[in-house]
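Spelled out from the first residue to the last, the chains are:
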Amino acid sequence: MTIISLARGNWYLTMEMDCGMAKKNSVEFALFAPYNENVSLTGDWNNWQPIPMERDQQGWWRVDVPLEDGTYNYKFKLKSNSYFSENEMVSVADPLALRVTRDADENARITVKNGQRIITTYQWQYDKTPLPTNDQLIIYEMHIGDFTGGTGDQAGSSGGFLNVIDKLDHLVDLGINAVEFMPVNDFPGGYSWGYNPRFMFAVENTYGTPDDFCRLVDECHKRGIRVILDGVYNHSEDNTPLAKIDYQYWYYRVNPDEPNVQWGPKFNYGYRDEKLNVWPARQFVSDALHHWVKHFHIDGIRFDATAIIKNYDVLYWLKDNAYQPIKNMKPFFSIAEHVPQDPAVTGFDGPMDAAWYESFSKQMQCTLVGKDQDGRQPYNVDAIAHVLNPTNEGFSSHVNVILYLDNHDQDRIMWQIGAKGGLFDQAAFRRMKLGAVLLLTTPGIPMLWMGQEFGFAAPKDVNKPQKLDWSLLNNHTNADLLAFYQNLIKMRKENPALMTGSIEPFFMDHERAILAYKRWNDEGNLVVVVANFKPDYAGEVHIPNWPNDGRWHEWVYNYDVDIQGGTLHDSLAESDVKLFIKQP
């Protein structure tokens, strides 16, 4: 059995071949609090009687406690150095806790086996399964709690790691090969998006156990699905243990960010403890990164709010630390949620592999809704063509951008089309199909926000659950949209031209808002997209400068056309999009 334990302040892996009978062994408890005093350990094994701890020269307080095999709750008591409770005795859970209780006391929880503190006993089965490379990814962004449990969901009423496993085959059928989980580390309360992390090492209790999360990752790998974890390393939640121990040792005393982006204590990556030769915030976050990458076998990290972190030297350091535990062992992907957009965060000289392509999303939402918004016009064909090529926006390559129509931070695109655009029923689903084609035929790495594939509609709401309503798939229009996405993703994988960075708009009808663009590769694969961006019937279209004469297959409506003389003669309905593939 594989056992992960914490000792001397460092994570390491030990192998335990024989569990044997329950034994009473000495378990070390440690707390890094170099400038605090009167530190003691309390636990339920002795009715919470304080056990004095001793500080070593590196600032770690330690004590060995003989414990039989079992699960225990514990806390630390110490004199606080934080500005709001200086010299007061406080009780805090372990900042490195692997699990915490959900009661009002919020105790750290450990499981002991043969004198070792166990993270997980899960036996990994699919570590050697081949996984797609970064440039091949089609990402599915998911909130664990909301993905399952909606009306008509047979998996159950509450969303958790094991419930997600029950629906992984939905992702396989859809064609997804990477899933991006919104944060799964422990947050306060029973529901959250996870961007208020209180414990950076602990798995969120409402989702399941560490073993459950291991199993979910392993089941993803079994199906050839990469796992990208959303990591919050700009800030912590207000009541995180570090803030109570010695606030200014890890965080800025005065948050330097604008008020609208102050989400909790902000890590001070610029502070170095000269006496101990340690960067406190960097060391803590580095340990957390290693913890998730090494022990849970994830394949990438989406770094939250990198534009708020600002310091690119720190972002380089964050990425390097994320890669370190698995370097050269398997593909890994670092993604920046960098809004406002800055191409310099990616590329050959940038700290991250890729970044969210916000300009694409803003223009697509404006176009699909059909109303001016965010300073953009919906039927400005030049503006649409501009964002279809990420190099026009300064990105080095198409592999440096994550494309999306919407994400968790935005109102769902189907809801926007109805509430803002006034389009419903068939008209709305036509807009959704138009958006799907643009998403999956634009150079870049596409990402779907869960439920987008079958037209789930809802405004953004961070305060209450919005579980996917799987019963929508009983409706013909929703099921048809899902089938459209499934076939579209399959078509993308079968046409290597769509995996390149090549794109050339070659026809624009500004009055009717019609655009044609081509995609190609060096082996002769050629794809052309023709789109009517208006929800109005366009009728006949004559598109000159067609890339190649000969036989072409139109994919959306499934017919062939022979083109001669370099002009396509066809027609377009409302919000219509057609996709032509050159035949041999």
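Residues numbered from 1 in each chain as written. Predicted model: local features only at pLDDT ≥ 70, side-chain atom pairs only at ≥ 80, totals over all residues. Heavy atoms only, no water.

Remarks on the pattern of salt bridges
Here comes step 1: Taken as a whole, this structure holds 29 salt bridges when the rule is applied.
Here comes step 2: In this structure, the salt-bridge partner of aspartate 570 is lysine 578, at a minimum N-O distance of 2.9 Å. Each member of the pair, aspartate 570 together with lysine 578, is buried.
Here comes step 3: What emerges from the salt-bridge pattern is a single network uniting Glu180, Asp230, Arg302, Asp304 and Glu337. (Salt bridge = Lys/Arg side-chain N within 4 Å of Asp/Glu carboxyl O. Buried < 20%, exposed > 50% of the residue type's maximum accessible area, 1.4 Å probe, protein only.)

Structural notes on the sheet that holds strand 23 (residues 504-509)
Here comes step 1: The six strands are arranged 23-24-25-30-27-28 in an open sheet whose pairing can be described as antiparallel. Whereas interior strands pair on both sides, the edge strands pair on one side only; in this sheet they are strand 23 and strand 28 (559-563). On average, adjacent strands in this sheet sit at an angle of 25 degrees to one another, irrespective of strand direction.
Here comes step 2: Two strands pair when backbone bridges link them, and strand 24 (residues 514-520) and strand 25 (residues 526-532) are joined in this way by seven bridges, in the antiparallel orientation. The residue bridging tryptophan 520 from the neighbouring strand is leucine 526, located in strand 25.
Here comes step 3: Here helix 12 (residues 425-441) sits on the sheet and contacts strand 24, strand 25 and strand 30 (577-582); the angle it forms with strand 30, its principal contact strand, is near 40 degrees. (Pairing = 2+ DSSP bridges. Helix = DSSP H or I, 4+ residues; strand = E, 2+ residues; numbered from the N terminus. Axes fitted to C-alpha atoms, helices over the stretch in contact; angles between N-to-C directions. Contact = heavy atoms within 4.5 Å.)

Some points on helix 9 (residues 358-369)
Here comes step 1: Taking 1.5 Å per residue, 12 residues should reach 16 Å; helix 9 reaches 16 Å between its end C-alpha atoms and fits that length.
Here comes step 2: Where burial is concerned, most of helix 9 is hidden: 11 out of the 12 residues are buried.
Here comes step 3: Buried-residue contacts for helix 9 involve strand 20 (354-356), helix 10 (381-387), strand 21 (401-403), helix 11 (413-419) and helix 12.
Here comes step 4: Positive phi appears at glycine 370, one or two residues downstream of helix 9, with a value of about 80 degrees. (Expected span 1.5 Å × (residues − 1).)

Quick look at the sheet that holds strand 14 (residues 178-181)
Here comes step 1: Read around the closed barrel, eight strands run 13-14-17-18-19-20-21-22, paired in parallel fashion. The sheet shows a mean angle of 30 degrees between the axes of neighbouring strands, direction not considered.
Here comes step 2: When strand 13 (residues 139-142) meets strand 14, the two strands line up parallel, connected through four bridges. By the bridge assignment, methionine 142 is partnered in strand 14 with phenylalanine 181.

Things to note about the layout of surface pockets
Here comes step 1: Volume-wise, the largest pocket comes out at about 820 Å³.
Here comes step 2: Along its surface, the largest pocket is lined by 33 residues, and Trp193, Trp263, Glu337, Asp409 and Lys460 are the ones closest to its centre.
Here comes step 3: Elements that contribute at least two residues to the lining of the largest pocket include exactly helix 7 (306-309) and helix 9.
Here comes step 4: A class-by-class count of the residues in the lining of the largest pocket yields 10 nonpolar, 13 polar and 10 charged. (1 Å grid on protein atoms, 1.4 Å probe; cavity = no way out; pocket = protein on both sides within 12 Å on 5 of 7 lines; lining within 4 Å. Points joined across faces, edges and corners; volume = space filled by probe spheres on them. Nonpolar A, V, L, I, M, F, W, Y, C, P; charged D, E, K, R; others polar.)

Concerning helix 13 (residues 476-494)
Here comes step 1: Taking 1.5 Å of rise per residue, the 19 residues of helix 13 would be expected to cover 27 Å, and the 27 Å separating its terminal C-alpha atoms lies within 8% of that figure.
Here comes step 2: Asn478, Leu481, Leu482, Phe484, Tyr485, Leu488, Ile489, Met491 and Arg492 are the residues of helix 13 that are buried.
Here comes step 3: On its buried side, helix 13 packs onto helix 3 (168-174), helix 12, strand 22 (445-449) and strand 30.

Things to note about the packing of helix 4 (residues 210-222) against helix 6 (residues 280-296)
Here comes step 1: Taken N-terminus to C-terminus, the directions of helix 4 and helix 6 make an angle of 60 degrees; their axes are 10 Å apart at the nearest point. Residues Pro210, Phe213, Cys214 and Val217 of helix 4 lie in contact with helix 6, whose contacting residues are Trp292, His295 and Phe296.
Here comes step 2: Of the residues contributing to the contact of helix 4 with helix 6, the split by class is six nonpolar, one polar and no charged.

Concerning the nonpolar core
Here comes step 1: The biggest cluster of nonpolar side chains holds 156 residues, and the ones touching the most others in it are Phe181, Tyr233 and Leu318.
Here comes step 2: Considering each element in turn, this core owes the most residues, nine residues, to helix 12.
Here comes step 3: Contact partners of leucine 318, with chain neighbours within four places excluded, come to Tyr233, Tyr269, Val285, Leu289, Phe303 and Ile309.
Here comes step 4: Formed by 17 residues, the second largest nonpolar core is a distinct cluster that contains Val530, Val541, Ile543 and Trp552. (Core = buried A, V, L, I, M, F, W, Y, C linked by side-chain atoms within 4.5 Å.)

Some points on the packing of helix 9 against helix 12
Here comes step 1: Close contact between helix 9 and helix 12 brings their axes to 10 Å; oriented N to C, the two are set at 155 degrees. With respect to helix 12, the axis of helix 9 lies roughly antiparallel. For the crossing formed where helix 9 meets helix 12, the hand is right-handed. Counting all contacts with helix 9, which are made through Phe360, Met364, Thr367 and Leu368, the residues of helix 12 involved are Arg431, Leu434, Gly435, Leu438 and Leu439.
Here comes step 2: Partitioned by chemical class, the residues of the contact of helix 9 with helix 12 number six nonpolar, two polar and one charged. (Parallel < 35°, antiparallel > 145°, perpendicular 65-115°, else oblique. Left-handed = near helix turned anticlockwise from the far one by under 90°.)

Keep in mind these values describe shape, not function.
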